[in-house]
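# Secondary and tertiary structure notes
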Amino acid sequence: MTLEELRELLSSTTGRHFDPLKPEQELTDLGLESIDRVRLVSRLEHQLNRDIDERTAMRLRTVGDLLALASGEVRNDDR
Amino acid sequence: MEPRNLVEVANRHLDGAFPGARRGYYDSASRQVRWVAVADMVREAFGFARRLSDALPRRESACLLHDLEPRAQSTAILAAMAAGSAPLVLPRNALDRGTDAFVDWVRATFDTPPLLVSESLRDLPESLPVADGSPAATSSEQSDRAPYPVGDLAFLQCTSATTGSAKVACIGHDNVLRNVRGIREHVGGGDHEVVCSWLPLYHDMGLVGCELFSLVHGYEHVSLRAYDFLRRPSAWLRLVGEFRCTMSPAPNFGYQYAADHVRSDELEGIDLGSWQVAFNGAEPVRVSTMRAFVDRFAPFGFRKEAFCASYGLAEATLAVCLSHPEPARYLVIDRETVKPGAAAGIRRSGSVFEATAPAVEKNELIVTSCGRPLSAVSLALDAGGVASGAAGMVGEIVVRGPSVFRGYLAREDGSSGGELHTGDLGFLHDGELYVVDRLKNIVIINGLNYPTSDLEERVGRVLQVPPEGVMVFERSIGGEASSVVAIVEADPGAGPIAEDAAQALSGLLGQIVFVKRRSLPKTTSGKKQHHLARSLLAAGQLPVIKTTPLR
């Protein structure tokens, strides 16, 4: 998933615009509270056709973490 | 003889008082429910209690439960009680502000060092011992006896979703037993009910209303994680249907979320006809939400009579008033009369599910009835120091009864004396409670409480202004919509207002209103006057520089 695709996913999930979007940005700085994050994860699961567990979802801190998850670099509950 | 505490309740499970009582945990990966007999869980809890007891820094130490698997969490709650301790289920985000901030909060809150029970944490300072709370550890030993005498307190509970300035409420075993028996009596619960829940156990509705309610009455109980509900809300409805659940609670937000986000293709074959009591509380209960839920799910068997609007709070253990079995009702009142001592100006009344949605004018407020108090609870309305039961008079809701909590932990305002000033404003009409406003500085977002001071600190951090110049409140507590607004003092001459940074607050706030410096109303001692600020904002009497909508 590219940064641009992630930006579109974020916008369609929350109804807000995210410009600029950078990998180092913290999700809390984008106003993504826990429910937004879970909804985002749910859409990602649908797109990626895989299950993302709670601990993995709750460890997401930055846009880069989301990109890594979307590209399969992060597996469930990797510690 | 009736059990006097929750460990005696657990013993009754071992004595076979509730044959077949079982607890189910939904596993999202397999989409199956994993069942455990409650008696087996009790044996594991009593076994785990020995380990906990050995690890407690002192006999009177509390057990803080952090990041546990759902089944391990149920076991650990009971184990802590059986070890003579009291469990506190920490909010999910308790460590989001870092380990140091968490340790500071623990030290400021607990006079006696607690024991942390966690699956993932290991490296805390030596003064905060940690016990392994993994599924393997919590189920490794079994015992038929609780190892230590039971303490006075059943559990502790944070009264808000953040630990930053959270107060910790102390709930006694008798408080819990009286409240869950009162709920059952009020809604006419039978000997065999099936409870379904997705509520986290740091939430009073999840811990008392589902976990302990089911344990005490020997009811079957199936649960899923809040996480699983949020990413697939149909899973909740599917469990209710599949296991013929009769009781399931949620905050108003949960019903709205399901009505908004369940996909139609996920509803095939779901039958909600078994659902007898759909408790709705923890935040204002909205007419529009109940109507939307019924519109969406009546075709799948949901009965509108199942809705049970409620009023409760952690300091009353849980429930104070419940509308069931009366049909859900609303009143439309004059906004001008929402103030202590005024007679509520009732303009219209009706049934929540009448054919046409009720129309509400700008100067009116629509409020749902929260029903009548539980049988052992008495209510009074306090308007300026005089508590009155006078019908129709608006006042602070004062609760008296056997489930009023012991008090807050380690605070000077500790002891409740059996009387609870709730900080909520309401009135009684035809014996039913209507909640119209909130005097305490709490904002409720998606059923979770946040102290305004925590939110003000966060707004200050994001916008890089001192929190003393920020006020956060909800524009309207009753009514059909609630919008959280932050008023921020800004100096137009000092450079541009940080509107870009404000985006980080869009998940919490609906709007930021920038006002001139020194215009926020405060008392002579510097205490913020949130209510006055809200009135001034509504009346257009604050010197507004700019209003920034965030959603």
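Here's what I pulled together on the structure shown here.

So, how was this worked out
Residues numbered from 1 in each chain as written. Chains lettered and ligands numbered in written order. Predicted model: local features only at pLDDT ≥ 70, side-chain atom pairs only at ≥ 80, totals over all residues. Heavy atoms only, no water. Helix = DSSP H or I, 4+ residues; strand = E, 2+ residues; numbered from the N terminus. Expected span 1.5 Å × (residues − 1). Contact = heavy atoms within 4.5 Å. Salt bridge = Lys/Arg side-chain N within 4 Å of Asp/Glu carboxyl O. Buried < 20%, exposed > 50% of the residue type's maximum accessible area, 1.4 Å probe, protein only. Pairing = 2+ DSSP bridges. Axes fitted to C-alpha atoms, helices over the stretch in contact; angles between N-to-C directions. Parallel < 35°, antiparallel > 145°, perpendicular 65-115°, else oblique. Nonpolar A, V, L, I, M, F, W, Y, C, P; charged D, E, K, R; others polar.

### Here's the deal with helix α1 (residues 3-14) of chain A
- Look at α1(A): 16 Å from first C-alpha to last across 12 residues, which is about the 16 Å you get at 1.5 Å a residue.
- Structurally, α1(A) contributes buried residues whose contacts are with α2 (34-48) and α4 (63-70) of chain A.

### Some words on the pattern of salt bridges
- Scanning the entire structure with this criterion turns up 37 salt bridges over all chains.
- Across the pair B:D228 and B:R231 runs a salt bridge whose closest N-O atoms are separated by 2.9 Å. Of this pair, B:D228 and B:R231 both sit in helix α8 (residues 226-231), separated by three residues, roughly a single helical turn.
- Looking at B:R231, the relative accessible area reads 5%, which means it is buried.
- B:R329 serves as the salt-bridge partner of B:E432, at 3.8 Å between the closest nitrogen and oxygen. Of this pair, B:E432 sits in strand β24 (residues 432-438) while B:R329 sits in strand β15 (residues 329-334); the two residues are 103 residues apart in sequence, bridging distant segments of the chain.
- Owing to a relative accessible area of 6%, B:E432 belongs among the buried residues under this scheme.
- The class for B:R329 is partly exposed, based on a relative accessible area of 28%.
- Residues joined by salt bridges that share partners form a network here, namely A:E54, A:R55, B:D67, B:E69, B:E119 and B:R225.

### With respect to the pairing of strand β17 (residues 364-368) of chain B
Residues and elements named next belong to chain B.
- The element β17 is largely enclosed, with a buried count of five among its five residues.
- What you see with β17 is no split at all: E364, I366 and T368 on one side and L365 and V367 on the other are buried throughout.
- With five bridges joining them, β15 and β17 adopt antiparallel strand pairing. Across the sheet, the residue bridging to V332 is I366, located in β17.

### Description of the sheet that holds strand β16 (residues 346-351) of chain B
Residue and element names in this part refer to chain B.
- The sheet built from three strands is open, its strands ordered β16-β15-β17 with antiparallel pairing. At either end of the open sheet lies a strand with only one pairing partner, and these are β16 and β17. Each adjacent strand pair in this sheet contributes to an overall mean axis angle of 20 degrees, direction not counted.
- Relative to β16, β15 is paired through five bridges, and the arrangement is antiparallel.

### Re the packing of helix α6 (residues 173-187) of chain B against helix α7 (residues 204-217) of chain B
All names here are of chain B.
- Direction vectors running N to C along α6 and α7 enclose 90 degrees, while the axes themselves pass 10 Å from each other. Between α6 and α7, the angle is such that the two are roughly perpendicular. Taking contact as the criterion, the partners of V176, L177, N179, V180, R181, I183 and R184 in α6 are, on α7, V208, L212, F213, V216 and H217.
- Class assignment for the residues of the contact of α6 with α7 results in eight nonpolar, two polar and two charged.

The quantities given are spatial measurements derived from coordinates; they are silent on function.
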